[in-house]
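Close look at the chain arrangement
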Amino acid sequence: MEAPGRSDLLRKLKALGKEELEGFKDKLSEVLLEGGSEPIPKTPADPAALTDLLPRHCRGDSKAVLKVLEDVEARFQKASSHPQQERKPSTGTKAGNSGPKSQFTHSGDEIPPGEGGTLASAIAFMKRHLSFTGSKVEATGKQSRKEDPTGDNWGTDKCKLCLREEDPSEEINPEIIRGPDGNQETYRVHLPGAGSFRCSETELGLEVRSAVTVQYRYGFWDQHLSVWSTPKWMIAGPLFSIQAEPAGAVAAVHLPHFLCLRGADTSRMQIAHFIEEGMALEKPMQVRPFHAVLENPSFSLYGVVWGNRSKPPILIHSIVLLYWALKMAKTTLHLYIIPNDRSRFKAVDDYEKQCPSRLVSTSLQAHKPLTFDSCYVVSSQANIEVTPKELEFCNIQAECLQSYMEIYTKDIQGGLEFSLVEKINKEPIWEAHVRPEDATLSVSSVQTQTDEHFVSQHREQLIQRVMAVDGILDSLCGPVLDLEQIQSIRAERSSVEKMRKLYELVPQWDNDCKDRLYQALKEKHRPLVEELEGI
């Protein structure tokens, strides 16, 4: 899920010149290395990869992000004050200049529209405006969001009509346990004591009286509502299967919903509770802009539903997802309109990764809440093909395949601008500008998307299919492998056995070593690498 502020940070980094971006990457790498992190891969600086690296390294901790940015800023200030490196400010940087990448100042101004931007203003902007979803809860306990409301951004990016939720919870990063099939995920948190907490992955909220272990996962609505009168009730959020030990330690659960309740009759909201005897409806203790609160839960399956009793229809907090299909001809994009529901976002993302596709860095939020059964079309001055011509916004559950539009263009070199428009009143509800670099898959962007390097991700395929092992070993001799290691690998009889022996060393490598193997593979087996990358 995109962290609040990510699109702003990405926009600022894209505004930098090539050398300034490389300078930011170099200083950021120095800071992260000193903090015990792995080095940033020695590939050309990628704004999207750097944008995602910060929150991932800091685990969503806003204070840690600020500290990293301050350290990067201090290094540039030190470089700029060095007598041998002083130079006059300039609006451009020439290749080969031996001075610092930018003249660093303390102005803190935003990048002026149409003027590109300096590294100084970009970092100042990040420090002021980049807001992540909160601090990670630690066993010793940190200052809660109730004590520090400035750290909260809960709801400010979801709807301009809805009020921000007051007394927001402390964010927690759950342990993620994958099922036997590798798809079904279970989340587990160990809460150290009394407090109010919110899961960073699912937005499920928990109020607890004492230390407790809570385990939860998404459930399947269609397995439980198939025998129920669904036209009377509309599904309004994810279904959760929740277990707690000890159960009595949980005072309340905050179940996320995607309804825009501005001016709505909140008495129509109920919580569906599925037990062995069937389904029961429970009235929430409190209805909040993005959550329904149930006190003293008995646990099992819970989800929010809405009574479809009258019109006008309820408004829906909505997002638009845009994916680039990697194996398709030229540039093919998949566009989805879904409710702002983490379970559906995850289902779409899991499906697209299997295609394989990658999420294009655009704004996710629709300009306004939408209504189910409304239709939308794509409007663009570019030469594109859209199938189907219109897309209906439907309440399709996370366990079902979501509908999408396919957008095809032969040429994206000049960028592609288009908007999503309501079919009836022609009002735009979302816009995108896709640049060529957004549709360029590099080693670093693959790693950002999957958190797994190409070399590790395709281990079995490479072991079985790489034949020119000796040539690859020659490329790795010195920087990655010593002579004894190479001789040991070459002593194996077949290419498969040689590659398997080589992979015994890979777990000890950093990303720089893996990048060198990747480059050797591209030189010796380019068709295979391009096939695995989906190019």
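This is a predicted model, so every value here is computed, not measured.

About the cut-offs
- Residues numbered from 1 in each chain as written.
- Predicted model: local features only at pLDDT ≥ 70, side-chain atom pairs only at ≥ 80, totals over all residues.
- Heavy atoms only, no water.
- Salt bridge = Lys/Arg side-chain N within 4 Å of Asp/Glu carboxyl O.
- Helix = DSSP H or I, 4+ residues; strand = E, 2+ residues; numbered from the N terminus.
- Buried < 20%, exposed > 50% of the residue type's maximum accessible area, 1.4 Å probe, protein only.
- Disulfide = S-S within 2.5 Å.
- Pairing = 2+ DSSP bridges.
- Axes fitted to C-alpha atoms, helices over the stretch in contact; angles between N-to-C directions.
- pLDDT = per-residue confidence, 0-100.
- Contact = heavy atoms within 4.5 Å.
- Phe/Tyr/Trp six-rings, centres within 6.5 Å; stacked < 30°, edge-to-face > 60°.
- Parallel < 35°, antiparallel > 145°, perpendicular 65-115°, else oblique.
- Nonpolar A, V, L, I, M, F, W, Y, C, P; charged D, E, K, R; others polar.

What to know about the pattern of salt bridges
One pass over the full model with this rule turns up 19 salt bridges. With a closest N to O distance of 3.7 Å, Arg-198 and Glu-171 form a salt bridge. Here the residue Arg-198 occupies a position in strand β4 (residues 195-199), and Glu-171 occupies one in strand β1 (residues 170-172), the gap between them amounting to 27 residues. Pair check on accessibility: Arg-198 and Glu-171 agree, each one buried.

Some points on the state of the cysteines
Taken as a whole and assessed by the stated rule, the structure comprises zero disulfides. Summary of cysteine pairing: Cys-260 is not part of a disulfide, and the nearest cysteine sulfur, belonging to Cys-162, is at 3.7 Å.

Some details on the sheet that holds strand β16 (residues 318-325)
Spatially, five strands are ordered β18-β16-β17-β22-β20 in an open sheet, and the strand pairing comes out antiparallel. Strands with a single pairing partner mark the edges of an open sheet, and in this sheet they are β18 (357-359) and β20 (385-387). In this sheet, neighbouring strand axes are inclined to one another by 25° on average, regardless of whether the strands run parallel or antiparallel. The pairing of β16 with β18 spans three bridges and is antiparallel. Bridging across to β18, Tyr-323 finds its partner in Leu-359.

With respect to the confidence of the model for the chain
The pLDDT averaged across the chain works out to 76; a share of 71% of its residues lies at or above 70. Averaged pLDDT values over the elements of the chain bottom out at 44 in helix α8 (residues 443-450) and peak at 96 in strand β19 (residues 375-379). The model gives residues 1-5 a pLDDT under 50, and that stretch makes 15 contacts with residues more than four places away or in other chains.

As for the sheet that holds strand β13 (residues 291-295)
Taking strand neighbours across the sheet as the criterion, the six strands line up as β1-β4-β5-β8-β13-β12 in an open arrangement whose pairing is mixed. The open sheet terminates on both sides in strands that have one partner only, identified here as β1 and β12 (286-287). One ladder, built from five bridges, connects strand β8 (residues 250-256) with β13; its direction is antiparallel. Note that in β13 the partner of Val-253 across the bridge is Leu-294.

A word on the packing of aromatic side chains
All told, the structure shown has ten aromatic pairs when counted by the stated rule. Both rings, one in Phe-372 and one in Phe-393, keep their centres 4.9 Å apart while their planes meet at 35°; by these two values the pair is tilted. Pair noted here: Phe-372 is in the loop between β18 and β19 and Phe-393 is in the loop between β21 (390-392) and β22 (405-409), with a separation of 21 residues, a long-range link. The same class applies to Phe-372 as to Phe-393, namely buried. Through a chain of ring-to-ring contacts, three or more aromatic side chains come together here, namely Tyr-187, Tyr-216, Tyr-218 and Phe-240.

Here we look at the packing of helix α11 (residues 469-476) against helix α13 (residues 495-503)
Interhelical geometry of α11 versus α13 gives an angle of 30° and a closest axis separation of 10 Å. By the angle class used here, α11 and α13 are roughly parallel. On α13, the residues touching Val-469, Asp-470, Leu-473 and Leu-476 of α11 are Ser-495, Lys-498, Met-499 and Leu-502. Across the contact of α11 with α13, the residue classes tally to five nonpolar, one polar and two charged.

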